[in-house]
Amino acid sequence: VAAAWDVAVVGGGVVGCAVAYALARRGARVVLLERDRVAAGASYGAGGMLAPQVEAHGPGPLLRLGLASRDLFPALEAEVGPFDLDLRGIVRVAHTEAGAAELAARAAWQREQGLEARLLEPSEVRSLFPDLGSPPLAALWVPDGRLVPERLTRALALAAVRHGAVVREGVPVRSVRPGRVETGEGPVVAAHVVVSAGAWSADLAPVPVRPVKGQRVLVRHSRPLLDRVLWGDGCYLVPQPGGRVLIGATEEPEAGFDRRPTAAAVARLLARAVELVPALGEAEVLEAWAGLRPDTPDHLPLLGPLGEGGVWAATGHYRNGILLAPVTGERLAAALLEGEPLPGECLPDRFRG
Ligand code: GLY
């Protein structure tokens, strides 16, 4: 006999887990269905940068959402953590004139928006990053941060369970329709269904989501080389506990659903990382990994109802799934349970002809 739920969430990545947590915390009866294990896909290998300012191309809805979500992390870590949150900033360095001009322009427009953004003196750069190779022409500090994505995702899933949600792993979802999810283990009946299946969301719902492959390499050095995230020309370096450094990332929209790390990409990432921080040349290589970012035509997430039948999208977060998970959970839960409005720029029906 199929159980009846208020909400079935499809997908146990960071977004599905954040949605399940936010719903369960508000008292909804939630089941989360994950075909593999929680945090098995992009949420496992993501860099974990919380980078609304470093990644922004300009003011707009993505920046607004990203800043709102960044602000939610300290309280979230107190509620569900720990997940190694560090909001002491990200430094982006440039070794070319064009890159330096871009950093100066970025600092200027972000300050005009009332945000903190500071070009660092060479002496500050040296004291923050004593292992940096050749000195950059410019360095920009912004109050972004980082965390360990797998820990965040698992913490959200466990917190959802503490609030009464049921997390079912190893349950593949075959199809979604209003009120009903067909799985490899039989039907699941729920008043609402939320599709949070990342790059695979278009297999289950009419959403314009496509994969953009990203590769990264994880290394470990015997001493901590980096105190905070360093973003250079062609790679970013994210320090993790235990002397680990995550080196990211490629952008390969032409690769489709291919999730194999390749020798050429790994070689390029390692070369850029070692150029930026030469001591990384002695680091032990722990893991090469590739995952799929769920992209949309305008690179904004899909957040909201798909028609009138109680099927919802919470997907398409592209490069920003870790950052946007808390705001996604909160806004979607408030909309679904309390009828609160969702950000208009993210409504899925913006793509309807
Ligand atoms: N936000 C980092 C990346 O997607 O590579």
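Worth saying up front: this structure is predicted, and the values here are computed from it rather than measured.

Novice: Explain the overall build of the protein chain to me, please; I cannot follow it from the model alone.
Specialist: Along the backbone of the protein chain there are nine helices and 18 strands. For 353 residues, the compact-globule formula gives about 20 Å, and the C-alpha radius of gyration of the protein chain, at 20 Å, lands near that figure. Taking the principal axes of the C-alpha coordinates as reference, the protein chain spans close to 65 × 40 × 40 Å. Across the 353 residues that make up the protein chain, the buried fraction comes to 55%. Long-range pairs, those at least 24 residues apart, make up 75% of the contacts in the protein chain between residues at least 6 apart in sequence. As displayed, the protein chain offers around 14,600 Å² of accessible surface, 53% of which is attributable to carbon and sulfur atoms. The centroid of the 37 positive side-chain charges in the protein chain is displaced by 3 Å from the centroid of its 40 negative side-chain charges.

Novice: Please clarify how the site of the ligand should be interpreted in this entry.
Specialist: Neighbouring the ligand are the residues Met 49, Glu 55, Tyr 236, Ala 249, Arg 293 and Arg 319. Glu 55 places a side-chain nitrogen or oxygen 2.6 Å from a nitrogen atom of the ligand. Notes on the ligand: free accessible area 200 Å², of which the protein chains cover 87%. Here the residues of the shell around the ligand sort into three nonpolar, no polar and three charged.

Novice: In this structure, what is going on with the environment of Arg 293? I would like to understand it.
Specialist: With respect to the secondary-structure elements, Arg 293 resides in strand β16 (residues 284-295). Relative accessible area serves as the criterion here: at 12%, Arg 293 is assigned to the buried category. Separated by 149 residues in sequence, Arg 293 and Asp 144 place their C-alpha atoms 20 Å apart. If sequence neighbours within four positions are ignored, Arg 293 has contacts with Ala 199, Arg 210, Pro 211, Val 212, Lys 213, Gly 214, Ala 249, Thr 250, Glu 251, Tyr 318 and Arg 319. Of note is the side chain of Arg 293, whose polar atom sits 3.0 Å from the backbone oxygen of Thr 250.

Novice: Looking at this structure, how should I read the pattern of salt bridges?
Specialist: Side chains bearing opposite charge may pair, as long as their charged atoms lie close to each other. Summed over the entire model, instances satisfying the criterion amount to 27 salt bridges. Between Arg 26 and Glu 330 there is a salt bridge whose closest N-O contact spans 3.0 Å. Placement of the pair is Arg 26 in the loop between α1 (14-25) and β2 (30-34) and Glu 330 in helix α9 (residues 321-338), with a sequence separation of 304 residues. Classification of Arg 26 by relative accessible area gives partly exposed; the value is 30%. The salt bridge partner of Arg 223 is Asp 131, with a shortest N-O separation of 3.0 Å. Within this pair, whereas Arg 223 is found in the loop between β12 (210-220) and β13 (229-232), its partner Asp 131 is found in the loop between α6 (122-128) and β6 (138-142), the two being separated by 92 residues in sequence. The partly exposed category is assigned to Arg 223, whose relative accessible area is 38%.

Novice: Looking at this structure, how should I read the packing of α1 against helix α7 (residues 149-162)?
Specialist: Think of two packed helices as two axes; the pair is described by the angle between the axes and how far apart they sit. Look at α1 against α7: their axes get within 8 Å of each other, and the N-to-C directions meet at 30 degrees. Comparing their axes, α7 and α1 come out roughly parallel. The handedness of the crossing between α1 and α7 is left-handed. Note on element contacts: α7 touches α1 through Leu 152, Thr 153, Leu 156, Ala 157, Ala 159 and Ala 160, opposite Val 14, Cys 17, Ala 18, Ala 20, Tyr 21 and Ala 24.

Novice: Help me out: how do you make sense of the packing of helix α4 (residues 61-80) against α9 in this one?
Specialist: At their nearest, the axes of α4 and α9 sit 7 Å apart, and the two run at 85 degrees to each other. Relative to α9, the element α4 lies roughly perpendicular. Across the interface between the two elements, Leu 62, Leu 65, Gly 66, Ala 68, Ser 69, Arg 70, Leu 72, Phe 73 and Leu 76 of α4 pack against Ile 322, Leu 323, Leu 324, Ala 325, Pro 326, Val 327 and Glu 330 of α9. Here the contact of α4 with α9 is built from residues that sort into 12 nonpolar, two polar and two charged.

Novice: What is the right way to read the sheet that holds β13 from this model?
Specialist: Backbone hydrogen bonds are what pair the strands of a sheet, in a parallel or an antiparallel way. Taken together, the eight strands give an open sheet; going across it, the order is β5-β6-β4-β13-β14-β15-β12-β16, and neighbouring strands pair in mixed fashion. At either end of the open sheet lies a strand with only one pairing partner, and these are β5 (118-119) and β16. Here five bridges tie strand β14 (residues 235-240) to strand β15 (residues 244-248), and the two strands are oriented antiparallel to one another. Its bridge partner lying in β15, Pro 239 is registered against Val 245. Running at roughly 30 degrees to β6, helix α5 (residues 97-112) makes contact with β4 (90-94), β5 and β6 of the sheet.

About the thresholds
Residues numbered from 1 in each chain as written. Predicted model: local features only at pLDDT ≥ 70, side-chain atom pairs only at ≥ 80, totals over all residues. Heavy atoms only, no water. Helix = DSSP H or I, 4+ residues; strand = E, 2+ residues; numbered from the N terminus. Rg over C-alpha atoms; globule rule 2.2 N^0.38 Å. Buried < 20%, exposed > 50% of the residue type's maximum accessible area, 1.4 Å probe, protein only. Contact = heavy atoms within 4.5 Å. Areas by Shrake-Rupley, 256 points an atom, 1.4 Å probe, with all protein chains shown as cover. Lys, Arg positive; Asp, Glu negative; His and termini not counted. Charge placed at Lys NZ, Arg CZ, Asp CG, Glu CD. Near = heavy atom within 4 Å. Polar contact = N/O pair within 3.5 Å; in protein donor to acceptor, adjacent residues only side chain to side chain. Nonpolar A, V, L, I, M, F, W, Y, C, P; charged D, E, K, R; others polar. Salt bridge = Lys/Arg side-chain N within 4 Å of Asp/Glu carboxyl O. Axes fitted to C-alpha atoms, helices over the stretch in contact; angles between N-to-C directions. Parallel < 35°, antiparallel > 145°, perpendicular 65-115°, else oblique. Left-handed = near helix turned anticlockwise from the far one by under 90°. Pairing = 2+ DSSP bridges.

Worth remembering: the numbers are spatial, not functional.
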